[in-house]
Amino acid sequence: MSQATELRIDDIAPPAPGYWATAMRKLRRDGAAMTALTTLIVIILLCAAAPLYARDIAHTNPFESNLSGTVLRHGKMVEVLGAAHNPLRLGVEPIGPSWKLGPYMLGADGQGRDVAARMLYGGRNSLLVSFAAAVICLVLAALTGILAGFFGGWTDRAISWLLDALWAFPVFLLAISLSVVLIAHGIDIGPIRLDASSLALPITIIGVIYVPYVARPVRGLVLGLRQSEYVLAAIGIGAPSWRILWFDILPNVISSLVVFAPLIVALDMLTEAALSFLSIGVQPPAASWGTIIHNGESLIYTRPIVAIAPGLAIVITVLALNILGDGLRDALDPRAKLRN
Amino acid sequence: MNTPLLCVEGLSKHYVSGGALSRRGRTVVRAVDDVSFTIAPGETLGLVGESGCGKSTLGRCVTRLLEASGGKIEFDGRDITRQSGRALRETRAGLQMIFQDPYASLNPRRRVRDIVAEPLIVHGRGRSGEIRDMVASLFADVGLRPEQLDRFPHEFSGGQRQRVGIARALALAPKLIVADEPVSALDVSVQAQIVNLLADLKRARGLAFLFIAHDLGVVRQIADRVAVMYLGAIVELGPAEAVLASPAHPYTQALISAVPVADPARAREKRRIVLAGDPPSPSNPPSGCPFHPRCGFATEICTTTKPPLAPLPDGRLTACHHPRI
Amino acid sequence: MRRILAIFLLLGASLATARAATNTPEYGGTLRLVTTAASGSFDPQINYTLRYAEIYQAMYDGLVTFAKVGGPGSIEVVPDLATNLPKPTDHGTTYVFHLRHGIEFSNGAPVTVQAVVHSFRRLFKVNSPNAGTWYDVIVGGRRCLAHPGHCTLPGLIADPATNTVTFHLRHPDAEFLDQLAVPFGSILPADTPDRDMGTMPIPGTGAYMVKSYDPSNGIVMVRNPHFHQWSAIAQPKGFPNRILYRFGLSAEAQVTAVENGQYDWMYENAPADRLNQMATHYTKQIHITPVNWFFYAPMNVNIPPFNNKYARLAVNYAVNRESAVKLSGGNALATPSCQILPPQMPGYVPYCPFTRNPGADWSAPDWKRARHYMQKSGMIGQKVTVVTQIQSPYRQLGVYLQGVLNRLGFKASVKPISPDLQFTYIQNSNNNVQISITDWAQDYPAPSDFLNVLFSCKSFKKGSDNSINISGFCDPAIDAEMAHAELISLKHPRAGDAIWAHVDRQITRRAVVASLLSVNRLDFVSARLRHFRFSGEYFFLPQLAVIK
Amino acid sequence: MAGTVLRRLAHMIAVLFGISVLVFLIFFATPGANPAARIAGKDASPQTIARVEKQFGLNRPLPVQYALMMKKLFVTRNLTSFVNLGEKVVPQVFKAAPVTLSLVSGAAVIWIGFAILIGALAAAFRGGWIDRLLMVLSLIGISMPVFWVGTMANLITQGAYHHTWLFSWVPPLGYIPFSRSPLGWFKALVIPWITLAILYIGLYARVLRAALIETMQEDFIRTARAKGLSERQVLLRHALRCSLVSVVTLFGLDFGVLVGGGALLTEVVFGLQGVGYLTYQALETLDLPMIMATVIYASVFVVVSNAAVDIVYAAFDPRMRVRR
């Protein structure tokens, strides 16, 4: 029970910086995390520059098929999609990579579109979907977790049951079922209208399915905080619920959400890729890294680069997110765990 | 004695555990069972007992952090047992609490300035500038320096933190403070400082305390009267000197004998009463006198009949068939 | 005969076939076929898939059948369980079939006129998909449709004494014999239960019978012990002793397995990515045959923007059929097409108005005219959604079409959905599909199977999932001409074909759909498989393959 | 204890009920999902469709349809597919289960083995370059999409290098039953095993390393060291055994999810006809009875493994028995 008390002699030292400032300072000293962050920023910037690349370097519209086009290669005009060189003239071969900055740097896909340009555009969607889904997930998880943990009683029971049901539904099957079914018509519930081809659909689905993963630990955290003496103290002085939520509960919840955030983005990115790979994620003609891998799978022997490049992009991005997540966890909360 | 500040009558707190699906069915834990006492303005009532006897629960019921299952709590002439909303908030201004753990009772994310100011802000006690000054003077009152105001709790020692907790409790100028083992988490050397601070404050501001402790030695320094709790009920209640000098209940005797004595000569002559076994579970209390399984003086009647809390000739109350006088 | 034109067209179809034919056939061995998955009920009167039709033909017989030969003769209807190919009498409404003697089902039961009657009643009792579209032409068929429990089918009369069955039709039907020749017309034992037999194989009269059927694993076919060859052209004895049909390999894995000689033939189309490698290293194992199968983009003529003929014309002029061909595997596997009828179909006369130099063949898109019609339509800026399927080449065709529409000035988006949903989804007029990508393959080689089925007024059913006239096109004048063509075909097939060709041109000119290409079927077989035979009706004929 | 189990059971049933209703409703809310037209075949007449609807009970109120489906699934167990008519779905699921089980258990052996190896090595060389290298490799393992790894593995073993001595032994994609050829079974599964295991090796190695490092700071380890045991002995004999507890509970959950069909992508990429593949096919063809069967099968595994982990916990720690 008794806690060893160190007598602080640094009373004359300047007051410590705030919680977040301390965390930021720790993070900045973490070389791996900073490298990861830089990598992420570079990837985001590159993807943001997709239209510039498509217009000024690749000179192409990455959303339109280019089935009868030609391009200058080694001083000759070459068909972007030419008949394959075999005795039966069987099959069509997209042009291969030139490995030089310019049109078809990474070659063409099965529809004659510039793979490099599509990678950048696809990256935009992959990033957008995973970041937006993570925001939805974290906000919903914070809401449900706080509601259940703070107010308890029937609210808690109802939310916990719902979370358990979602949790028991193998998360991936849930995502696939929802996608298969919703892709046909989109969502049309009262005021909420999501078109099937809009990115909002995969964002919503991916955002929702991981809510239990985060909401459960948040609920546990809030449940613990609810019993903590400083929350009791706040109740004891007559502080209204919103003040307690705002000053005592939310800061703690947010710091663990910040730790979760990069990991959830990483998870979302992998999920989006998987759904798109099963062609029920981002819908054509829009691309994501997952859809490019899916398209590339049917070119895997002739033009493996189409599947390899976006896969590498995913690995690098997710790796950076995971490293950043580790760094954030070390900086903020060494005991946070994503699972349970 | 003039009109009491706090009047607790027949207070009970029961927990129900298990449900229809539980093998044992519903079990009721009587954490606090039919407790009555009063505290006069400016008076300090020491509440002692082993850990788990329900004294903290009682404290939290009195401050309405827990909902009582039965009984009545009257504070400053008003029944506060079922108060809510604005009325409860007003009551709370006069009835504050100090917590046991100075580490857990302060939000680590907030600067102590904000922690101490919080009650003032919640109750709208002035503009921000005024509150600033009030906080500074509260800080001085509890023996902290104003330059420490902008620090975070983790930059303080345990004793200093408890001072912050006291400052927060004092902020609204309450009439009664429920101090829930305020020093048990602190080093012995610091304990005395904090108890002295509380004693000073009591004297200077005419504060009443419900001072909860498991250690009679601490209570001795501050309490005017002492109540001894065992298994959710008060077994002895009376003026501090009387109870401590000549405890009537065997349980009180045992507690007093456990207090370490500084003088080795006296320690040797002192007869230690060692309690047999652990305190029984409040969910399954023994029949008759709840203390009988551990009592050296228990007789037949103790196993069958529960002794009422009855006055002794000197005015003390005790719940024992065989009080030691 | 009416099929002469088609015969000429099929002549040059498969060089490989001609080469393989020089080998002398040998009996015995196990032929191993492979596909991705089972294809629904195994009941031949219910199943409506090419995958099973391809093997049903070796297990079941109708009164008549398409000749089980490779090449041009295969779209010929020949007598099977019947001894004759009857000429219809009573102005084309009465058909009399004489049943062969001594044929037994694989369970030993004899084939009787009662079995014939039972089989045709059963079509109605088990909800055969075409009971209401084909066989209700038999007198009493309509009543059977309404009250299948009490189906007597008075239009079908059996005479055990003469061993004949007589069909009375409500009206002349030029395709009646074709419809008797497909697997729905299989004659099953008289004691076959009147319900969908699902995974329980029903005994048949063919050269092979099912030894085991497991939808998750495959089919084992062995020789029918009660079979003796009565007509080599109707039901040949077959060369392999056993035919295994294994389910559960992806198309990708199938190619590898056939290359490695683990299977002899794969059902699925080879993935585009493997074509080059297959063609380079396994040239002799590839057989390419044109089939009656076309890809098209139906345009809904009842809602904007394609209720405007100019908008439809604009699309037709703008679509680059060569690009569509590229997306379908190149010129070896597809042929550009502007019209409805595919090249192997009787009545086919090459016709293409929507090209730079209108005439017989498509050459290049005509953007000048396309833009001109687009202006005229006043539909610039209209929103259009292309509904396509998620898998290849539909998805790619959809995306390509979206690009074309955008260039024309529409605001186009594309909506790819699951293949199992899409086909019914685009049919239902309640879904307001404006334009979609789909395909149609023949049931039997008759022009009406394309023109009448896809474009007649009665094929359009408002708000129904089964409304195969996806464009919602209806022109009573064309309907009348098609009825006329049917009637003429009964007696004068070539005259009939000429009328069908006219109908084809009419519908094509209305630009009700944007026809894209017609399909060539690629069969990839193992190195040891010889004597590859391809039927215009049933496609690959496994029982004629030699694997010894 | 019995109370805990009973309560868990009731909770499980409630959750499964919720899931089945959810699946059912999602399906019927989908436009075009009505299977009648698809069952009836292309260009069927309206009468035929109406009769198919009646035959399959598709014209009855939804709650009745739901109840009938549940009865056929659990009581009579003769629920049949909407796509492969006559095909009973329950035996199909049980037929696919061994494939998934083969895939998952083989992968589990690999991932547990490697995770222990990597976790222990990293913990032993904590802070050194070996630790860092291993942890980066683990992170990369976690960051790779499994279907991409599978596609790349296929590219190498089936395509580009199939004809070299290195991979010529790799059989074509698909499952070979153990009963038919144990060696073939092994060969067909090795690449999928490794592919599936990579992610979990990364995850578990990291968890194990963290647990080991935490354990190494506990009192009983100090005692062990004081006894004069070498650092390696301490790590292997004492710390590892203790840290494995955290991995075991994790393993329970992951194994449950995977056996229930969570290895769907691996199964699809390698053409293994397991439960995941079955689920995916059913979803593609919108075969509600099959979807229902596979999803409930999967959920049962998840719920049961969750409950098992909780009960194991409760057995160890009596505090958990009281309602949380």
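Small disclaimer: the values here were computed from a predicted structure and weren't measured.

Applying the stated criterion to the full structure yields 39 salt bridges over all chains. Between B:Arg82 and B:Glu67 there is a salt bridge; the shortest N-O distance is 3.7 Å. With B:Arg82 in the loop between β5 (78-79) and α2 (85-94) and B:Glu67 in the loop between α1 (55-62) and β4 (70-75), this residue pair connects regions lying 15 residues apart in the sequence. Relative accessible area serves as the criterion here: at 53%, B:Arg82 is assigned to the exposed category. The shortest N-O distance in the salt bridge between C:Glu252 and C:Arg274 comes to 2.4 Å. Of this pair, C:Glu252 sits in helix α7 (residues 251-259) while C:Arg274 sits in helix α8 (residues 272-281), and the two are 22 residues apart along the sequence. Taking relative accessible area as the criterion, C:Arg274 reaches 2% and is therefore assigned buried.

Residue and element names in this part refer to chain A. With numbering matched to this structure, UniProt assigns "transmembrane region" (unreviewed entry) to residues 32-54, 127-154, 166-187, 199-218 and 300-325. In residues 32-54, helix accounts for 96% and strand for 0%; the two terminal C-alpha atoms are 32 Å from one another. With 90% helix and 0% strand, the stretch residues 199-218 has end C-alpha atoms that lie 28 Å from each other.

Per the counting criterion, the structure on display carries 55 aromatic pairs over all chains. Seen from their ring centres, D:Tyr200 and D:Tyr204 are 6.3 Å apart, and the 75 degrees between their planes marks the pair as edge-to-face. Within this pair, D:Tyr200 and its partner D:Tyr204 are both found in helix α8 (residues 182-215), separated by 4 residues, close to a single helical turn. Summarising the burial analysis for this pair, D:Tyr200 and D:Tyr204 share the class buried. Positioned over the ring face of B:Tyr15 is B:Lys13, at 5.3 Å from the centre of the ring. Across the ring face of C:Tyr267, the terminal group of C:Arg521 is positioned such that the distance to the ring centre comes to 5.2 Å.

Moving on, we get to a positive patch on the surface. Residues A:Arg25, A:Lys26, A:Arg28 and A:Arg29 make up a contiguous surface patch of positive charge. We classify A:Arg29 as exposed; its relative accessible area is 63%.

On the chain A side, the residues contacting the 45 residues of chain D number 42 residues. Summed over both partners, the interface of chain D with chain A buries about 3800 Å², with 77% contributed by carbon and sulfur atoms. The salt bridge involving D:Arg206 is made with A:Asp326; its shortest N-O contact spans 2.7 Å. Taken together, chain D and chain A are joined by 4 residue pairs in polar contact (both at pLDDT 80 or more). For the side of chain D that touches chain A, the elements supplying multiple residues, two or more each, are α1 (2-29), α6 (129-143), α7 (146-160), α8, α10 (231-262), α11 (264-269), α12 (275-284) and α13 (288-316) of chain D. Residue composition of the side of chain D that touches chain A, grouped by class: 29 nonpolar, 12 polar and 4 charged.

Basis of the calculations
Each chain carries its own residue numbering, running from 1 in the written order of its sequence. Throughout, the order in which chains and ligands are written sets their labels, letters from A for the former and numbers from 1 for the latter. Note on the predicted model: pLDDT of at least 70 is required for a residue's local features to be given, and 80 or more for side-chain atom pairs to be given and counted; whole-chain, interface and lining totals, by contrast, use all residues. The side-chain numbers reported here are obtained from all heavy atoms of the structure, hydrogens and water having been left aside. Basic side-chain nitrogens of Lys or Arg form a salt bridge, by our definition, when they fall within 4 Å of a carboxyl oxygen of Asp or Glu. Under the DSSP-based scheme used, a helix requires at least four consecutive residues in state H or I and a strand at least two consecutive residues in state E, with every element numbered from the N terminus. Between buried and exposed lies partly exposed: a residue is buried under 20% and exposed over 50% of the maximum accessible area for its type, with that area taken using a 1.4 Å probe on protein chains only. UniProt positions are given in the numbering used here, feature names are shortened, and annotations may be inferred rather than shown by experiment. Pairs were defined over the aromatic rings of Phe, Tyr and Trp, the Trp ring being its six-membered one, requiring ring centres within 6.5 Å. Orientation was assigned from the angle between planes: stacked under 30 degrees, edge-to-face over 60, tilted for the rest. Charge over a ring is defined by NZ of Lys or CZ of Arg lying within 6 Å of the ring centre and within 35 degrees of the ring normal. Patch membership needs two things, relative accessible area over 30% and no salt bridge, and members are linked within 9 Å if like-charged or within 5 Å if nonpolar (Val, Leu, Ile, Met, Phe, Trp, Tyr). Note that accessible areas follow from Shrake-Rupley with a 1.4 Å probe, and for residues the cover is restricted to the protein chains shown. In summary, the charge assignment counts Lys and Arg as positive and Asp and Glu as negative, without counting His or the chain termini. For this purpose, a charge sits on NZ of Lys, CZ of Arg, CG of Asp or CD of Glu. We call two residues contacting when some pair of their heavy atoms lies within 4.5 Å. Two parts lose some accessible area (1.4 Å probe) when they are put together, and adding that loss for both gives the buried area. Nitrogen and oxygen atoms within 3.5 Å of one another constitute a polar contact, given that in protein one can donate a hydrogen and the other can accept it, and given that sequence-neighbouring residues count only through two side-chain atoms. Amino acid classes used here: Ala, Val, Leu, Ile, Met, Phe, Trp, Tyr, Cys and Pro are nonpolar; Asp, Glu, Lys and Arg are charged; the rest, including Gly, are polar.

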